[in-house]
Amino acid sequence: MEATAAKRKEPRKALRVKVISMGNAEVGKSCIIKRYCEKRFVPKYLATIGIDYGVTKVQIRDREIKVNIFDMAGHPFFYEVRNEFYKDTQGVLLVYDVGSKESFEALDSWLAEMRRELGPHASLDSVVFAVCANKVDAGKLRVVDESEGRLWAESRGFLYWETSAQSGEGIQEMFQNFYSAIVELCENGGKRPPGGSGLSFTREQADAIRRIRGSKDSWDMLGLKPGASREEVTRAYRRLAVLLHPDKCLAPGSEDAFKAVVNARTALLKNIK
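### As for the pairing of strand E3 (residues 63-72)
Stage number 1. The element E3 is extensively covered by neighbouring structure, given that eight of its 10 residues are classed as buried.
Stage number 2. The pairing of strand E2 (residues 51-60) with E3 spans 10 bridges and is antiparallel. Note on E3: the bridge partner recorded for Lys57 is Lys66.
Stage number 3. If you look at the hairpin formed by E2 and E3, you'll find two residues sitting between the two strands, and Arg61 has a positive phi there, around 55°.

Below, the structure written as structure tokens:
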């Protein structure tokens, strides 16, 4: 009886995981990792040369996690160095600078690079991604708002966090949730748990919001060519209104997109006889 009780109290075997950081140079990947692991911020920019490697231990619920962190240089020059480190990864920190539109738009290229290196039969469903919208302390210099970044991340089933390596905002919470999701993935046989992303909108809704954000005028916003009839404007408006109505769409940015569509319809109908 005592032997059975002692066996039950034995700690679970430590889980070893591999985490990599991805993102353009100067977005703050190394600073995020240093802020979490060393509780400090390095104000002077020091470019990562190839790969920086570190090991840390964390406790998630009743499980000890030994994390191998590979901080990958973001400069294209180091592609030949970092391309060997994508395999056998359980977690990815995908970082962009909220004050740099270029670094945000490059996220798709980073995912493409990872897919290319993993090969045609690999699936990103076996990896936990945490998108870090970094340098939120930038204030007025911010050019990528939260709803745009959150929409990009959540439409892909990724975690999303607003972070500042300088102030520490969001860093601790992001890593705790990130590691918890990795533990769940490992305990689920290397696949994200069903419904784990909590996605509450469709890809069609996400694509419509992105298109509306990038539209050049009211015609473009409704997906019409200049000169369309009142009936065509009304039809296009109704389709988007049903798709993006705040009561039915919970995608980040849907409310602003819906208002923009309403304003576009009003403006166009005023000028169509």
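So much for the structure itself; the text now carries on.
### Some thoughts on the packing of helix H2 (residues 29-38) against helix H7 (residues 171-187)
Stage number 1. Axis separation between H2 and H7 bottoms out at 10 Å; the angle between their running directions is 90°. Classified by the angle between their axes, H2 and H7 sit roughly perpendicular to one another. Of H7, the residues touching H2 (which contributes Ile32, Arg35 and Tyr36) are Ile171, Gln172, Met174, Phe175, Gln176 and Tyr179.
Stage number 2. Residues that form the contact of H2 with H7 fall into these classes: six nonpolar, two polar and one charged.

### Points about helix H5 (residues 107-118)
Stage number 1. Compared with an ideal rise of 1.5 Å per residue, which puts 12 residues at 16 Å, H5 spans 17 Å between its outermost C-alpha atoms and is within 8% of the ideal.
Stage number 2. If you check which residues of H5 are buried, you get Leu107, Trp110, Leu111, Glu113, Met114 and Glu117. Angular distribution of buried residues about the axis of H5 spans 155°; they occupy a single face of the element.
Stage number 3. Those residues of H5 hidden inside the fold are in contact with strand E1 (15-22), helix H3 (79-82), strand E4 (91-97), helix H4 (101-105), strand E5 (128-134) and helix H6 (146-154).

Definitions and limits used
- Residues numbered from 1 in each chain as written.
- Predicted model: local features only at pLDDT ≥ 70, side-chain atom pairs only at ≥ 80, totals over all residues.
- Heavy atoms only, no water.
- Buried < 20%, exposed > 50% of the residue type's maximum accessible area, 1.4 Å probe, protein only.
- Helix = DSSP H or I, 4+ residues; strand = E, 2+ residues; numbered from the N terminus.
- Pairing = 2+ DSSP bridges.
- Axes fitted to C-alpha atoms, helices over the stretch in contact; angles between N-to-C directions.
- Parallel < 35°, antiparallel > 145°, perpendicular 65-115°, else oblique.
- Contact = heavy atoms within 4.5 Å.
- Nonpolar A, V, L, I, M, F, W, Y, C, P; charged D, E, K, R; others polar.
- Expected span 1.5 Å × (residues − 1).
- Arc of directions from axis to C-beta.

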